[in-house]
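What follows is each chain in one-letter form.
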Amino acid sequence: MRTAEFVQSYFDAWNHKDPEAVAGHLAADGTYLDVPDNEQSSRDELIIELHDFFAGHRHRYELVGDILEGSHTIAFQYRMRPPGASRSGASEGCIQGAEFMTLRGNSALTIIDYYEVPAAAQVAPVASLAAQRAQSPKYAKSGLTNDQLARYKMKLERLMQSERLYLRSDLTLPELAKAVGCSVNHLSQVINSGFGRSFFDYVNSYRIGRAKELLSELGGHGDSVLNIAFSVGFNSNSAFYTAFKKAVGEAPAQYRRRLLRQTH
């Protein structure tokens with residue numbers, strides 16, 4: 001993959017206000033992290049959020065300086081220029097930021113976005129995705145009633161528990177919405193509002209639960225941690241490790257050793 005072409009394609013997607021194209025730079029199991037907002041999104045969730053974001057924001061995105069490259073990482077600075085702002089002179093009203101990407105093949109496994117809104121930018125729309133949601137409730141026009149939300153929530157739980165859809169490593173929000181029988185936006189609302197989680201965290205909660213069961217089998221001497229990671233739906237050991245430690249507070253191997261000590 002040519003780094004310069006990848007970054008240019010990424011900027012083009014933002015400037016064309018194309019949510020699918022922006023999110024398409026992420027791997028299927030990739031994540032986008034908005035650091036100032038502490039908001040982590042899967043690829044499918046990012047598409048939904050960007051549809052709302054682009055509806056109210058017409059900034060232009062431009063590269064600032066050089067692209068820094070590592071063995072599997074790239075980093076660059078960018079500027080968000082509000083509509084009508086001059087490209088010359090001071091960057092009044094502009095929003096400065098930086099992104100750090102971890103690469104896998106021709107896609108980004110993680111995109112970490114840092115940005116800072118200067119005081120001068122207060123005349124422009126706020127850049128953060130969460131700020132956009134705060135200005136206008138995310139699901140204000142979804143049309144989903146409380147009764148529908150409860151029914152979809154119950155069906156979703158039944159599918160996850162009886163059919164174990166979470167074991168599919170390629171499970172996406174649109175595919176899960178199809179199984180539930182609702183729109184992608186409605187399912188996103190069910191998961192966010194009904195469970196207080198993102199799609200990514202919701203699915204991983206089931207995967208981690210199953211992993212804990214497997215790690216506790218056979219007196220602590222069950223399958224390898226890597227095999228367990230793949231068997232419960234993760235695509236990599238690192239993704240499993242990060243999600244497990246976030247949910248449980250310790251690494252999978254530490255969890256297994258602790259259980260083993262408790263049984264002896």
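Predicted, not measured: the structure shown is a model, and the values here were computed from it. Along each chain, numbering runs from 1 in the same order as the chain's sequence is written. Whole-chain, interface and lining totals are the exception, using all residues; otherwise, since this is a predicted model, local features are given only for residues with pLDDT of at least 70 and side-chain atom pairs are given and counted only at 80 or more. Excluded from the side-chain calculations are hydrogens and water; all other atoms, namely the structure's heavy atoms, are used.

Turning next to the overall build of the chain. Only runs of H or I of at least four residues qualify as helices and only runs of E of at least two qualify as strands under DSSP, and these elements are numbered from the N terminus. Summing up its helical and strand segments, the chain has 11 helices and 6 strands in all. Between buried and exposed lies partly exposed: a residue is buried under 20% and exposed over 50% of the maximum accessible area for its type, with that area taken using a 1.4 Å probe on protein chains only. When the 264 residues of the chain are sorted by exposure, 44% land in the buried category. Contacts were defined at the residue level, with two residues in contact if any of their heavy atoms lie within 4.5 Å. Excluding contacts between residues fewer than 6 apart, the proportion of contacts in the chain whose partners are at least 24 apart in sequence is 61%.

This brings us to the pairing of strand S4 (residues 73-81). Burial within S4 is extensive, with 7 of its 9 residues counted as buried. As judged from the 7 bridges shared by strand S3 (residues 60-69) and S4, these two strands associate in the antiparallel manner. Paired with Leu68 across the two strands is Ala75, which belongs to S4. A strand pair is defined by DSSP finding two or more bridges across the two strands. Turn length for the S3-S4 hairpin, with the two strands adjacent in sequence and antiparallel, is 3 residues. Two elements, S4 and strand S5 (residues 95-104), share 8 bridges in a ladder whose sense is antiparallel. Within S5, the residue paired with Arg79 across the bridge is Gln96.

Working rule for helices: expected span equals 1.5 Å times residues minus one. For helix H5 (residues 146-163), spanning 18 residues, the distance from its first C-alpha to its last is 25 Å, which sits close to the expected 26 Å at 1.5 Å a residue. Burial in H5 covers these residues: Leu149, Tyr152, Leu156, Leu159 and Met160. All buried residues of H5 lie within an arc of 95 degrees about the axis, which places them on one face of the element. Counted as exposed and oriented over 90 degrees from the buried face of H5: Asn146, Asp147, Arg151, Met154, Gln161 and Ser162. Contacts from the buried residues of H5 go to helix H6 (173-180), helix H7 (184-195) and helix H8 (199-215). Positive backbone phi, at 50 degrees, marks Arg164, one or two positions downstream of H5. Our arc is simply the arc of the directions from the helix axis toward the C-beta atoms.

Moving on: the packing of aromatic side chains. Any two rings among Phe, Tyr and Trp, with Trp reduced to its six-membered ring, count as a pair given centres within 6.5 Å; such a pair is stacked if its planes are under 30 degrees apart, edge-to-face if over 60, and tilted if neither. One pass over the structure, following the stated rule, counts 15 aromatic pairs. When the ring of Tyr10 is compared with that of Phe11, the centres are 6.5 Å apart and the planes differ by 75 degrees; the resulting orientation is edge-to-face. Of the residues examined, Tyr10 reaches a relative accessible area of 2% and is grouped as buried. Put simply, the rings of Tyr10, Phe11, Trp14, Phe53, Phe54, Tyr61 and Phe76 touch in pairs and so form one group of aromatic residues. Positioned above the aromatic ring of Phe195 is the side chain of Lys153, whose terminal nitrogen or guanidinium carbon lies 4.9 Å from the ring centre. As a reminder, the over-ring test applies to NZ of lysine and CZ of arginine, requiring each to be within 6 Å of the ring centre and within 35 degrees of the ring normal. Taking NZ or CZ as reference, Arg207 lies 5.7 Å from the ring centre of Phe234, over its face.

On to the side chain of Asp113, then. With respect to the element layout, Asp113 can be found in strand S6 (residues 107-116). We call two N or O atoms a polar contact when they sit within 3.5 Å, provided that within protein one can donate a hydrogen and the other can accept it, with sequence-adjacent residues counted only if both atoms are side-chain atoms. A distance of 2.7 Å separates the side chain of Asp113 from the side chain of Tyr32, its partner in a polar contact. Ignoring any residue separated from it by four or fewer positions in sequence, one finds Asp113 in contact with Tyr32, Leu33, Asp34, Val35, Pro36, Tyr78, Ala98 and Glu99.

Before going further, it helps to examine the packing of H8 against helix H11 (residues 252-262). Every axis in this analysis is a line fitted to C-alpha atoms, fitted for helices over the stretch in contact. Angles between the N-to-C directions lie between 0 and 180 degrees. As a packed pair, H8 and H11 sit with axes 10 Å apart at the nearest point and diverge in direction by 45 degrees. Between H8 and H11, the interaxial angle falls into the category oblique. Seen from above, H8 lies across H11 with right-handed handedness. Residues Lys212, Leu214 and Leu215 of H8 pack against Pro252, Tyr255 and Arg256 of H11. The nonpolar class holds Ala, Val, Leu, Ile, Met, Phe, Trp, Tyr, Cys and Pro. Asp, Glu, Lys and Arg form the charged class, and all remaining residues, Gly among them, are polar. Class assignment of the residues belonging to the contact of H8 with H11 gives a composition of 4 nonpolar, no polar and 2 charged. Oblique is the label for every angle not falling under 35 degrees (roughly parallel), over 145 degrees (roughly antiparallel), or within 65 to 115 degrees (roughly perpendicular). Each crossing is labelled by how the near helix is turned from the far one, with a counterclockwise turn of less than a right angle marking it left-handed and a clockwise turn marking it right-handed.

Our next topic: the nonpolar core. Here, nonpolar core refers to any group of buried Ala, Val, Leu, Ile, Met, Phe, Trp, Tyr and Cys residues whose side-chain atoms link them within 4.5 Å. Core analysis: the largest hydrophobic core is formed by 26 residues, its most contacted members being Tyr10, Trp14 and Met101. Those elements that provide at least two residues to this core are helix H1 (3-15), helix H2 (19-23), strand S1 (26-34), helix H3 (43-56), S4, S5 and S6. Looking at this core, the element that brings in the most residues is H1, giving 6 residues. Core analysis: the second largest hydrophobic core is formed by 22 residues, Leu159, Leu173, Ala177 and Val190 among them.

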